Amino acid sequence: MGQKKDLTGSEKSKIVRYLAEGCSTLKIAKLLKRDHRTIKRFIQNSQQGRKKRVEKPRRKITAHELRKVKRAAAKMPLATSFTIFQSCNITGVPKSTRCAILRDMAKVRKAEKRPPLNKTHKLKRQDWAKKYLKTDFSKVLWTDEMRVSLDGPDGWARGWIGKGQRAPVRLRRQQGGGGVLVWAGIIKDELVGPFRVEDGVKLNSQSYCQFLEDTFFKQWYRKKSASFKKNMIFMQDNAPSHASKYSTAWLARKGLKEEKLMTWPPCSPDLNLIENLWSIIKCEIYKEGKQYTSLNSVWEAVVAAARNVDSEQIKTLTESMDGRLLSVLAKKGGYIGH
């Protein structure tokens, strides 16, 4: 059995299978009728892996070209490196070099999400800010719903992976995993809830009012004093189930009407303090890329995270409202961020 130069693909597959079965290289050579040195050489080459790529020196561009790239990147922040360099008439630069140059002057970030504010929206936001400028916001109950999923928002499972280490494995669900709808409120330095919406229930006007009756009114509101109820202002956004005639009439029968039910400007999640509470809770329950295997487990995590939110954090949020109103007026109804 003479020595041959190359092993066929079929022979390579057999070698791998024989090794998995515990065969020695000598036995494999006899089974395949190949030279023992050929078998050993193939195994050694396979274990060495791929050779490290030698870094080639980066192609230099002139200072004038660099200034052009910087201006183009500022004008087109969401463009690809190829588009930016093409707009500057700089050709022949490989992608690795383009990205390395851009990394020296910029940082990859996601685009910010903002509500679509038109002229009418901005005018209504200004009118709203003027109306409530002298309000005592310690008496306002800020409410909202949040949906939490088993895996968290896309892009949260990121981290620093050491060289030579593999990234942790995450579950990949073929049909998703569903989520839990959570309702909560904050007033002064107190957290109301959180309360869980029953799985499978879609919040329309009727189910929303029934949910408030079973949770907010029976478990929290009815325990408060008459003076507290007289001064409290109830805030909710303009979701269809909130702003419908049915819900408005139902809340009015509960005593939440006219000045006790805050009007809300359109497209204004940046003005609702409880959005910041949701961010705090989500950062806690999804830290280190955590995933959940059941709806009950993610709900338990929400409850635990909510308990860890102290009164000072809530007070900081409720006391920030005056500053937000001034920012709305200063920006003429424009988006102010959270």
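Before reading further, recall that the structure is shown in the block above.
As the structure is a prediction and not an experimental result, all values here were calculated from the model. (Residues numbered from 1 in each chain as written. Predicted model: local features only at pLDDT ≥ 70, side-chain atom pairs only at ≥ 80, totals over all residues. Heavy atoms only, no water.)

Colleague: Explain the sheet that holds strand 3 (residues 190-196) to me, please; I cannot follow it from the model alone.
Modeller: The strands making up a sheet are joined through hydrogen bonds of the backbone, oriented either antiparallel or parallel. With mixed pairing, four strands are arranged side by side in an open sheet as 3-2-1-4. The open sheet has two free edges, formed respectively by strand 3 and strand 4 (233-235), since each of these has just one partner strand. Between one strand axis and the next, the sheet turns through 20° on average, direction left out of account. Pairing between strand 1 (residues 140-149) and strand 4: three bridges, direction parallel. Opposite W142, over in strand 4, you have M235 as the bridge partner. Sheet contacts for helix 8 (residues 205-219): strand 1, strand 2 (179-187), strand 3 and strand 4; angle to strand 3, the most-contacted strand, approximately 135°. Strands strand 1, strand 2 and strand 3 of the sheet are contacted by helix 12 (residues 274-285), whose axis makes an angle of about 35° with strand 1. (Pairing = 2+ DSSP bridges. Helix = DSSP H or I, 4+ residues; strand = E, 2+ residues; numbered from the N terminus. Axes fitted to C-alpha atoms, helices over the stretch in contact; angles between N-to-C directions. Contact = heavy atoms within 4.5 Å.)

Colleague: Which parts of the structure should I look at to understand the side chain of S241?
Modeller: One can find S241 in helix 10 (residues 240-243). Sequence-distant contacts of S241, that is, excluding residues within four places in its chain, are made with L203, N204, S205, Y208 and S247.

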